[in-house]
Amino acid sequence: MATIEECRAALEKLSDNMQNAEGDTATAASMDRSVSCHITDLDVTFVGRMTGGRIVVHDTLQGPPKEKAQIRLTMSGDDLVALVNGELNFAKAWGSGRVKLEAGLRDLFQLRKLL
């Protein structure tokens, strides 16, 4: 089971990958939205903001998110690490329910370029 530190490192790596994106992916990465990532097996939520092509984590909270972020992810810590390391296909994980992504329709269209 991934630790909180490993999950935070995975989010930082995802942020680094986003900052180095080009083309349509860079456009999607440049959105300015509130973000939460609930790690179910650790029962913690990373909350922050996607801005300037990066994900900036502002806080780590115990339990599910208290407020509804504009982009909400829910998954296990191991799945987060595997996704960021390219070991887990996002579409398959999302389709099987291993990963949940909630956002407005317009944001979902932009996010598909990232994922």
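Please read all numbers here as calculations on a predicted model, not as lab measurements.

Here's the deal with the overall build of the chain
Okay, so step 1: Of the regular secondary structure elements, the chain holds five helices and five strands.
Okay, so step 2: When the elements of the chain are put in sequence order from the N terminus, they spell out α-α-β-β-β-β-α-α-β-α.
Okay, so step 3: Since a compact globule built from 115 residues should have a radius of gyration of about 13 Å, the 13 Å found for the chain is in line with a globular shape.
Okay, so step 4: Its C-alpha atoms give the chain principal-axis dimensions of about 35 × 30 × 25 Å.
Okay, so step 5: Per-residue burial over the chain gives 39% buried out of 115 residues.
Okay, so step 6: Across the chain, the fraction of contacts at a sequence separation of at least 24, relative to all contacts at a separation of at least 6, is 59%.
Okay, so step 7: By element, 50% of the accessible surface of the chain is carried by carbon and sulfur atoms, the whole surface being about 6500 Å².

Some words on the UniProt feature "domain: SCP2" (unreviewed entry) in the chain
Okay, so step 1: Mapped onto the present numbering, the UniProt feature "domain: SCP2" (unreviewed entry) falls at residues 13-102.
Okay, so step 2: In this annotation, residues 13-102 is assigned 32% helix and 36% strand; the end-to-end C-alpha distance for the span is 21 Å.

So, the sheet that holds strand S1 (residues 33-39)
Okay, so step 1: Strand order across the open sheet formed by five strands is S3-S2-S1-S4-S5, with mixed pairing between neighbours. Each of the sheet's edge strands pairs with one partner strand only, and the pair in question is strand S3 (54-62) and strand S5 (100-103). Here the strands of the sheet are splayed against their neighbours by 20 degrees on average, with no regard to which way each runs.
Okay, so step 2: Two elements, strand S2 (residues 44-51) and S3, share eight bridges in a ladder whose sense is antiparallel. In the sheet register, Arg 49 faces S3, and the bridge partner there is Val 56.
Okay, so step 3: Across the sheet, helix H1 (residues 4-19) lies against S1, S2 and S3, angled at about 160 degrees from S3, the strand it touches most.
Okay, so step 4: In this fold helix H5 (residues 105-114) packs onto S1, S2, strand S4 (71-75) and S5, with an angle of close to 130 degrees to the strand it touches most, S5.

Some details on unusual backbone geometry
Glycine aside, residues mostly have negative phi, and peptide bonds are mostly found in the trans state.
Okay, so step 1: In this model, Asp 43 sits at a positive phi of 50 degrees, which is unusual for a non-glycine residue.
Okay, so step 2: For Asp 43, the position within the fold is in the loop between S1 and S2.

Some thoughts on the pattern of salt bridges
Opposite charge on two side chains lets them pair, provided their charged atoms get close.
Okay, so step 1: Enumeration according to the criterion identifies four salt bridges in this entry.
Okay, so step 2: A salt bridge links Asp 107 to Arg 33; the shortest N-O distance between them is 2.9 Å. Of this pair, Asp 107 sits in helix H5 while Arg 33 is found in strand S1, placing the two residues 74 residues apart along the sequence.
Okay, so step 3: What makes Asp 107 buried here is its relative accessible area of 8%.
Okay, so step 4: The class for Arg 33 is partly exposed, based on a relative accessible area of 21%.

Observations regarding the pairing of S1
Okay, so step 1: Across the seven residues that make up S1, a large majority, six, are buried.
Okay, so step 2: Two strands pair when backbone bridges link them, and S1 and S2 are joined in this way by seven bridges, in the antiparallel orientation. Bridge pairing in S2 places Ser 34 opposite Arg 49.
Okay, so step 3: The hairpin formed by S1 and S2 contains four residues between the paired strands, and Asp 43 there has a positive phi angle of roughly 50 degrees.
Okay, so step 4: Note: S1 against S4, five bridges, orientation parallel. Looking at the pairing, Val 35 lines up with Ile 71 of S4.

Rules of the game
Residues numbered from 1 in each chain as written. Predicted model: local features only at pLDDT ≥ 70, side-chain atom pairs only at ≥ 80, totals over all residues. Heavy atoms only, no water. Helix = DSSP H or I, 4+ residues; strand = E, 2+ residues; numbered from the N terminus. Rg over C-alpha atoms; globule rule 2.2 N^0.38 Å. Buried < 20%, exposed > 50% of the residue type's maximum accessible area, 1.4 Å probe, protein only. Contact = heavy atoms within 4.5 Å. Areas by Shrake-Rupley, 256 points an atom, 1.4 Å probe, with all protein chains shown as cover. UniProt positions renumbered as here; feature names shortened; annotations may be inferred. Pairing = 2+ DSSP bridges. Axes fitted to C-alpha atoms, helices over the stretch in contact; angles between N-to-C directions. Salt bridge = Lys/Arg side-chain N within 4 Å of Asp/Glu carboxyl O.

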